[in-house]
Amino acid sequence: MRKQCLILLSLLIILGASILTIGIPRSASLPLLAVSQDENTSKGVIAWLEARITPGLGRVYADSGTLSRLDTQATSMFAVKTACRLARLDCAHADILLSIHAQAPVISGPSASAAIALSALSLHTGIPLEEGVAITGTLSEDGLIGPVGGVQEKLDAAAEEGIHRVVISTFTNLTNITPPEGVEVIPVSTLREAASAFNPAFNSIWPREKPLNPPSAYRVGMRRVAEAICHEARLYANETNLSRQFHAANLSLREEAYYAAASYCFTALRDGLHARLAQRMNETSLHILLDEGERIAQAARENLSRHEPLLRTSVERVQLASILKERVREMDKALDDARKALEENDTSSFLDMLAIAEARAASIHGWLMLLPYLPDHPRIAETRLREACQEQLEHAREKVSYALLLDPSLREGMQAAESARTSDPAYCAFKAAKTRAEAELVILFSMLPPGVLEDYARVNHDATRSLLSLEAGSVFPIMAYSYYEYAGSLLRENLSSPATIILYDTYATELATLFRDENTLLPSMRLIPRMIGLGMLLASILLIPCLFTRTETYRVKPLKKRKR
């Protein structure tokens, strides 16, 4: 018996130790295509991404070296987390160490995020990346691969390095681009397609989409919101031609797209108020109109203040609080702009801004009707709100710092998020996520070639649906779903430009992950062998006492035969 225990114990220790060491540590190397520039010329260069995984706490460490302007710690963290989230992998038990090396300074923009995400997928799943394949492209929250510049220079550098396949975004401008001999260009739209181009085995690990089914209480509550705003708008229906907005609103109500209906009716309300104010301008002074607008705004603030304690009792209600605070901010800004326009005798701008302020006040009353239909649990911890605020600020700073060169107005959104960091971390996270979405679009629109916006809007909307289905958990993402629903309505009815549709879908993707349910994540595939190995080692420990158990053997004496 003791000998059998010793053999079994030895086998368990050997097998457990060997299985436990699978993937500890493991490294991957991936070529990055970039552009080096001096005063007069630009040239494609090859940078190398060296990635290594070790047991840890889900941290990402990046040493970009000469790529400091291309990649930062925030970009690396975002890319790794996005890859793990889209593949539904729990990557919180391993650290990723990244090192990027190039022979020349690279200033081509944030185009390494897709490659970093692929490296993380490979390390966490154990699926290798094919050698001789490179990727250049940005990565969005919903897994879309974005276009980049300097394509010809990058392809030429790939040919010199012996790279035979280059993965780029479908929406990259390929006008006047000639791939070198021996280099195949593979266009992709999503991270999933990019991973498959490196190794088809990645298709087996991607999660299936789930249907998007908003809770019935949310649908009932949002219907009340839409009906309240539409009722207010119809009071002014005779003042201007609002048939198009009401037709779209009625269609959305039939389709149960209640946020979309509320948005159309808000536009109708704003236009109707503008017509009424223009008519009254001939009957009374502009100062009286401004005083009335300020009283309407104050009533909305007081109504919100009365309900404020109830807006902190659950994750869903915290989301509603951020929506309402954004409307208050827009209302107050419109009032300030109306005052300035009045001082400058700009009557047209005065009427525009005052109409927006009064319409926003009405929407605040309408949105508060959703409150009773939202659950009052689970309550979100203040520490989690602060973490979400800090995380979103870090992500936003990276994008905004790059996009400010193209659109300085983004600074205002970042300032609003920063100022709310201590007083209202939930709104801080909300505003930072929205500002990051706007910065991402500024960069995107600067790179998208002409004529592809409509196609991009459709692909982006599908990617948004996929992300929302993955994020579906115990907490319903009110903000994200509302923006997604509105974008879908605009897309179906062809009621807005593709840029506006992309904006609302990008809002949805950025807000979908604010307060997500981490319980829907699956263990990283690299954790499974470790768990098995630890189980074997634990079993071997439990077998140790059998080595010290004494066993005695008894011989049975044969019975003596009786004499007859």
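A quick note: this is a predicted structure, and the numbers were derived from the prediction, not measured.

Quick word on the overall build of the chain
Helix and strand counts for the chain stand at 18 helices and 11 strands. Here the chain holds 564 residues, and 51% of them are scored as buried. Within the chain, contacts between residues separated by at least 24 positions form 79% of all contacts whose residues are at least 6 apart in sequence. By element, 54% of the accessible surface of the chain is carried by carbon and sulfur atoms, the whole surface being about 26,800 Å².

Some details on the side chain of glutamate 316
Along the chain, glutamate 316 turns up in helix H10 (residues 315-343). Not counting residues up to four positions away in its chain, the partners in contact with glutamate 316 are Leu374, Pro375, His377, Ser474, Val475, Phe476 and Ile478.

Thoughts on helix H2 (residues 73-86)
The terminal C-alpha atoms of H2 lie 20 Å apart, and with 14 residues this matches the ideal 20 Å at 1.5 Å per residue to within 8%. Within H2, the full set of buried residues consists of Thr75, Ser76, Phe78, Ala79, Val80, Thr82, Ala83, Cys84, Arg85 and Leu86. Phi turns positive, to about 55°, at arginine 88, one or two residues after H2.

Some remarks on the pattern of salt bridges
Under the defined criterion, the tally for this structure stands at 26 salt bridges. Aspartate 271 is the partner of arginine 270 in a salt bridge, and the nearest nitrogen-oxygen pair spans 3.2 Å. Residue arginine 270 is classed as partly exposed on the basis of its relative accessible area, which comes to 30%. The closest approach of N and O atoms between lysine 431 and glutamate 326, which form a salt bridge, is 3.1 Å.

Focus on the state of the cysteines
Tallied over the entire structure, the rule returns 3 disulfides. What pairs with cysteine 84 in a disulfide is cysteine 91, and their sulfur atoms sit 2.2 Å apart. Its torsion about the S-S bond being -105°, the disulfide of cysteine 84 and cysteine 91 is classed as left-handed. Note on accessibility: cysteine 84 and cysteine 91 belong to one class, buried. Here cysteine 389 is linked by a disulfide to cysteine 428, with a sulfur-sulfur distance of 2.1 Å. Disulfide cysteine 389-cysteine 428: torsion about the S-S bond near 70°, hence right-handed. Taken together, the positions of cysteine 389 in helix H12 (residues 382-403) and cysteine 428 in helix H14 (residues 425-447) put the pair 39 residues apart, joining distant regions of the chain. Judged on exposure class, the residue cysteine 389 and its partner cysteine 428 are both buried.

Reading the values: the criteria
Residues numbered from 1 in each chain as written. Predicted model: local features only at pLDDT ≥ 70, side-chain atom pairs only at ≥ 80, totals over all residues. Heavy atoms only, no water. Helix = DSSP H or I, 4+ residues; strand = E, 2+ residues; numbered from the N terminus. Buried < 20%, exposed > 50% of the residue type's maximum accessible area, 1.4 Å probe, protein only. Contact = heavy atoms within 4.5 Å. Areas by Shrake-Rupley, 256 points an atom, 1.4 Å probe, with all protein chains shown as cover. Expected span 1.5 Å × (residues − 1). Salt bridge = Lys/Arg side-chain N within 4 Å of Asp/Glu carboxyl O. Disulfide = S-S within 2.5 Å.

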